[in-house]
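Each chain, written out:
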Number of protein chains: 2
Amino acid sequence: MRILLADDHPLFRIALAQAVRAVAPEATIAEAGTFDDALADLAAHADTDLVLLDLHMPGSHGLMALATLRGEYPAIAVAMISAHDDASTVRRALAHGAAGFISKRSGLDELQTALRAVLAAQTWLPPALRGNVLVGEADAEERRLAARLAALSPQQMRVLGLVADGLLNKQIADRLGVQERTVKAHLTAIFERLDVRNRTQAGVLLRSLEVADPALRVEG
Amino acid sequence: MRILLADDHPLFRIALAQAVRAVAPEATIAEAGTFDDALADLAAHADTDLVLLDLHMPGSHGLMALATLRGEYPAIAVAMISAHDDASTVRRALAHGAAGFISKRSGLDELQTALRAVLAAQTWLPPALRGNVLVGEADAEERRLAARLAALSPQQMRVLGLVADGLLNKQIADRLGVQERTVKAHLTAIFERLDVRNRTQAGVLLRSLEVADPALRVEG
DNA sequence: AAGCGCATTGGACGATCGTCCGATGCGCGC
DNA sequence: GCGCGCATCGGACGATCGTCCAATGCGCTT
């Protein structure tokens, strides 16, 4: 049993690790502070069983990180961990294949209960939302989007992320250490898979996975 | 006293009109089912005192309609009307200059109370959110965005909206009935005012005003 | 009357984009 | 082994983008 904790907050990773050890003493625990680190860890440890993924990480574009992981490692369960736990966000995460959704506002007891559920391959949701966050027909659009994004290769997803930031092909090439020619090749493939015609539309598509900035959030 | 009701739901406009008549019998009431209709109405009736604006209208891009109105008619009060009434959305609306925020989940009594407050030039918020939705330092980013968007002319805003939809310059020109040349001129001005370098970044900026699709929303 | 912002259009030009043809090497599963 | 997807690169080319120079008319304010 191997578990990866992906969260950009070191203190929270410590708390998470303690909770995990309490409910699964035998598990191997890995940590990542950025999404790229998480991808690197999974590339080196394909035997990972579960990823606890923060919704807001550097370079993750909200639900993009989840979409990327689900597309790259369909066999690895991904549970979202987030303070931004409104019904809409939880629902979208489930539509994108999340194995569960753990609120950062949970107390230790609830967190451990949630971890036990997720480790037992059960879908876990915040108690307050349970029952009214059903993935139904209304999510068809979100799921089609998830399916299309999951069809992208890891490198293509990186290119798309940089396109969505407004970078030029040349800048993207420099950032990834490849030729501009290669970036163009990726873009042609990306457009075809996402069924869009230009980079602006592709950027909009990716941005639709954004979740409201938690810095602007206040307690309901 | 002149009031414009801008909502794409005819039945809701009727209900709104009744409520307005109940609290302000002397007011002239105008209606618009699309954002373009609303703009046309205001262009013909600059003496309008208040706009009750739905957050989700055809061609409005979420808070973009609010930003446009505030930039074009700073003297006209705009109160948002929306079913998507979470704290974050309300806060962003206020940062963009909304005179109030009326939840569609309000009962008739609350709606009338809200209307009286807004008509008395008071900021009105849903009772559940009052007190913890203060526009503070955390909204600096949102307000800078609002200021930049408010600096755009109406035509520039239309161009920007179409750019954010991924249209080509030629397509935008056809849609607006002008030459591609003109669209380029507008874009150059838009880039300068928004402090971006290309259309993709401009589209992302506008899209950041998007609010989560209400079709995906469930009751909290 | 003069100034200013807005909207419109033109020519020209370099930069950028996106696609067409093609190629190589790598890893993985049948 | 062989096929397949992935990632990389190349030339060429037309389409598109964005900016440089410029102009006209309109409405509003000073």
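Values in this document were obtained by computation on a predicted structure and should not be read as measured data. (Residues numbered from 1 in each chain as written. Chains lettered and ligands numbered in written order. Predicted model: local features only at pLDDT ≥ 70, side-chain atom pairs only at ≥ 80, totals over all residues. Heavy atoms only, no water.)

Quick look at the overall build of chain A now. Helix and strand counts for chain A stand at 10 helices and 5 strands. A compact globule built from 220 residues should have a C-alpha radius of gyration of about 17 Å, and chain A, at 17 Å, falls within 12% of that. Dimensions of chain A, computed from the C-alpha atoms along their principal axes, are close to 50 × 40 × 30 Å. Across the 220 residues that make up chain A, the buried fraction comes to 53%. In chain A, the proportion of contacts linking residues at least 24 apart, taken out of those at least 6 apart, comes to 69%. A total of about 9,600 Å² of accessible surface is found on chain A, and carbon and sulfur atoms cover 52% of it. (Helix = DSSP H or I, 4+ residues; strand = E, 2+ residues; numbered from the N terminus. Rg over C-alpha atoms; globule rule 2.2 N^0.38 Å. Buried < 20%, exposed > 50% of the residue type's maximum accessible area, 1.4 Å probe, protein only. Contact = heavy atoms within 4.5 Å. Areas by Shrake-Rupley, 256 points an atom, 1.4 Å probe, with all protein chains shown as cover.)

Right, let's get into the protein's contact with DNA strand C. Surveying the vicinity of DNA strand C reveals 19 residues, the closest of which are B:S153, B:Q179, B:R181, B:T182 and B:H186. Counting only atoms of DNA strand C within 4 Å of the protein, the fraction found in sugar and phosphate groups is 62%. A:N169 has a polar backbone atom sitting 3.2 Å from a phosphate oxygen of DNA strand C. Between a phosphate oxygen of DNA strand C and a side-chain N or O atom of B:R193, the distance comes to 2.7 Å. Those elements that place two or more of their residues in the surface near DNA strand C are α9 (180–194) of chain A together with α7 (154–164) and α9 (180–194) of chain B. (Near = heavy atom within 4 Å. Polar contact = N/O pair within 3.5 Å; in protein donor to acceptor, adjacent residues only side chain to side chain.)

Let us now look at empty space enclosed by the protein. Residues and elements named next belong to chain A. In total, this model carries 1 cavity of 30 Å³ or more according to the counting rule given. Each pocket or cavity is described by its volume, and for the largest cavity that value is around 50 Å³. Lining the largest cavity are L39, A67, T68, G71, E72, A150, L152, S153, P154 and M157. Secondary-structure elements contributing two or more residues to the lining of the largest cavity are α3 (64–72) and α7 (154–164). Looking at which element gives the most residues to the lining of the largest cavity, the answer is α3, with 4 residues. Here the lining of the largest cavity is built from residues that sort into 6 nonpolar, 3 polar and 1 charged. Each of domain 1 (2–119) and domain 2 (152–207) gives at least three residues to the lining of the largest cavity. (1 Å grid on protein atoms, 1.4 Å probe; cavity = no way out; pocket = protein on both sides within 12 Å on 5 of 7 lines; lining within 4 Å. Points joined across faces, edges and corners; volume = space filled by probe spheres on them. Nonpolar A, V, L, I, M, F, W, Y, C, P; charged D, E, K, R; others polar. Domains from an automatic or database assignment.)

All names here are of chain A. The strand order across the open sheet formed by 5 strands is β2-β1-β3-β4-β5, and the pairing between neighbours is parallel. Unpaired on one side and paired on the other, β2 (28–32) and β5 (100–103) mark the two borders of the sheet. Each strand axis lies, on average, 20 degrees off the axis of its neighbour in the sheet, ignoring direction. Together, β1 (2–6), β2 and β3 (50–54) form the strand contacts of helix α2 (residues 35–44), whose direction differs from that of β1 by roughly 165 degrees. The strands touched by α3 within the sheet are β3 and β4 (77–82), with β4 carrying the most contacts at an inclination of about 170 degrees. (Pairing = 2+ DSSP bridges. Axes fitted to C-alpha atoms, helices over the stretch in contact; angles between N-to-C directions.)

Before going further, it helps to spend a moment on the pattern of salt bridges. Residue and element names in this part refer to chain A. Counted under the stated rule, the structure contains 12 salt bridges over all chains. Between D7 and K104 there is a salt bridge, and its shortest N-O distance comes to 3.1 Å. Separated by 97 residues along the polypeptide, D7 in the loop between β1 and α1 (10–23) and K104 in the loop between β5 and α5 (108–119) bring together distant segments of the chain. Overall, the relative accessible area of 24% leaves K104 in the partly exposed class. A network of salt bridges, in which partner residues are shared, links D7, D54 and K104. (Salt bridge = Lys/Arg side-chain N within 4 Å of Asp/Glu carboxyl O.)

Attention now moves to the sheet that holds strand β1 (residues 2–6) of chain B. Residues and elements named next belong to chain B. The strand order across the open sheet built from 5 strands is β2-β1-β3-β4-β5, with neighbouring strands paired in parallel fashion. Because the sheet does not close on itself, it has two edges, and the strands there are β2 (28–32) and β5 (100–103). On average, each strand axis in the sheet is tilted by 20 degrees relative to the strand beside it, whichever way the strands run. In this sheet, strand β3 (residues 50–54) lies alongside β1 in parallel orientation, the contact comprising 4 bridges. Residue pairing across strands places L4 opposite V51, the latter belonging to β3.

A few words now on the protein's contact with DNA strand D. Around DNA strand D, 18 residues are found, and the nearest of them are A:S153, A:Q179, A:R181, A:R193 and B:R181. Counting only atoms of DNA strand D within 4 Å of the protein, the sugar-phosphate share comes to 61%. Counting only elements with at least two residues in the surface near DNA strand D, the list comes to α7 and α9 of chain A together with α9 of chain B. Top element by residues in the surface near DNA strand D is α9(B). It accounts for 5 residues. Split into classes, the residues belonging to the surface near DNA strand D amount to 4 nonpolar, 8 polar and 6 charged.

All names here are of chain A. The topology assignment puts R92 in helix α4 (residues 87–95). Judged by its relative accessible area of 8%, R92 falls in the buried class. Within the local environment of R92, its side chain forms a polar contact with the backbone oxygen of S208, the two atoms lying 2.4 Å apart.

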